[in-house]
Amino acid sequence: LEIVRKASLDFICEVLGELWTDVMKGAWTAAVFSWVDKLKENMQNIKQELNSRKLVQDSWKLVARDLESHGIKFFLKIFEIAPPALQLFSFKDEQPLEKSPGMKKHATGVMQTVGEAVAGLSDVKSLI
């Protein structure tokens, strides 16, 4: 990035010619340093975001091995945290809940959808 800073300032100096005064140099130096710092920050954010995406996608592979049982565990956890939420589902009266065909189907479908979203993290625009 130091090369970008130097090249930018040299380029502007050449283009401006006689207009390149100490005041102009100071203004352009401050601007270029600011831009390059922002570029560096953005590059770090992009790297972190790519690392995060990869971590999520790689770890989701463990969930994807058994979407049905993981989906059931997920919904049982929801109902443990918020018992009234069970009343929102058509399978609410199917007991035992962890063996409910309705819950299995719904939980598996939700996990498949989450899996598609996780796979799509590389192209977020297509998800939206």
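Described in the following lines is the structure provided in the data block.

Cut-off values and rules
- Residues numbered from 1 in each chain as written.
- Predicted model: local features only at pLDDT ≥ 70, side-chain atom pairs only at ≥ 80, totals over all residues.
- Heavy atoms only, no water.
- Helix = DSSP H or I, 4+ residues; strand = E, 2+ residues; numbered from the N terminus.
- Patch = residues over 30% accessible without salt bridge, like charges linked within 9 Å, V, L, I, M, F, W, Y side chains within 5 Å.
- Areas by Shrake-Rupley, 256 points an atom, 1.4 Å probe, with all protein chains shown as cover.
- Salt bridge = Lys/Arg side-chain N within 4 Å of Asp/Glu carboxyl O.
- Buried < 20%, exposed > 50% of the residue type's maximum accessible area, 1.4 Å probe, protein only.
- Expected span 1.5 Å × (residues − 1).
- Arc of directions from axis to C-beta.
- Contact = heavy atoms within 4.5 Å.
- Axes fitted to C-alpha atoms, helices over the stretch in contact; angles between N-to-C directions.
- Parallel < 35°, antiparallel > 145°, perpendicular 65-115°, else oblique.
- Left-handed = near helix turned anticlockwise from the far one by under 90°.
- Nonpolar A, V, L, I, M, F, W, Y, C, P; charged D, E, K, R; others polar.

Glancing now at the environment of histidine 106. Structurally, histidine 106 can be placed in helix H4 (residues 101-119). C-alpha of histidine 106 to C-alpha of lysine 61: the two residues are 45 residues apart in sequence and 20 Å apart in space.

A surface patch of nonpolar side chains, amounting to about 310 Å² of accessible area, comprises Leu1, Val4, Leu39 and Met43. Tracing the chain through its elements places valine 4 in helix H1 (residues 2-16). Overall, the relative accessible area of 37% leaves valine 4 in the partly exposed class.

With that out of the way, let us pick up H4. Structurally, the α-helix is built with 3.6 residues per turn, so residues lying three or four positions apart point the same way. For H4, with 19 residues, the first-to-last C-alpha span of 27 Å sits near the 27 Å given by 1.5 Å per residue. Within H4, the full set of buried residues consists of Met103, Ala107, Thr108, Met111, Gly115 and Val118. For H4, the angular spread of the buried residues around the axis is 125 degrees, confining them to a single face. When the buried face of H4 is taken as reference, the exposed residues oriented beyond 90 degrees from it are Pro101, Lys105 and Glu116. Along its buried surface, H4 packs onto helix H2 (22-64) and helix H3 (67-81).

This paragraph deals with H2. The end-to-end C-alpha separation of H2 is 62 Å, in line with the 63 Å expected for 43 residues at 1.5 Å each. Turning to H2, its buried residues are Val32, Val36, Arg53, Gln57 and Trp60.

This next bit is on the packing of H2 against H4. Between H2 and H4, the shortest axis-to-axis distance is 10 Å and the interhelical angle comes to 155 degrees. When the axis of H2 is compared with that of H4, the two are roughly antiparallel. Between H2 and H4 lies a crossing of left-handed hand. Two secondary-structure elements touch here, H2 through Val56, Gln57, Trp60 and Val63 and H4 through Met111, Val114, Gly115, Val118 and Ala119. Residue composition of the contact of H2 with H4, by class: 7 nonpolar, 2 polar and no charged.

Further remarks concern the pattern of salt bridges. Enumeration over the complete set of coordinates arrives at 7 salt bridges. With its nearest N and O atoms 2.6 Å apart, the salt bridge here joins arginine 5 to glutamate 2. Of this pair, arginine 5 and glutamate 2 both sit in helix H1, 3 residues apart, which is roughly one turn of the helix. Take arginine 5: its relative accessible area is 7%, and that puts it in the buried class. Glutamate 2 gets classed as exposed once you look at its relative accessible area, which sits at 52%. Here lysine 6 makes a salt bridge to aspartate 10, at a shortest N to O gap of 2.9 Å. Highlighted residues: lysine 6 and aspartate 10, both in helix H1, separated by 4 residues, approximately one helical turn. Under the relative-accessibility criterion, lysine 6 is labelled exposed at 52%. Of the residues examined, aspartate 10 reaches a relative accessible area of 34% and is grouped as partly exposed. Counted as one network, the salt bridges with shared partners bring together Glu2, Arg5 and Asp37.

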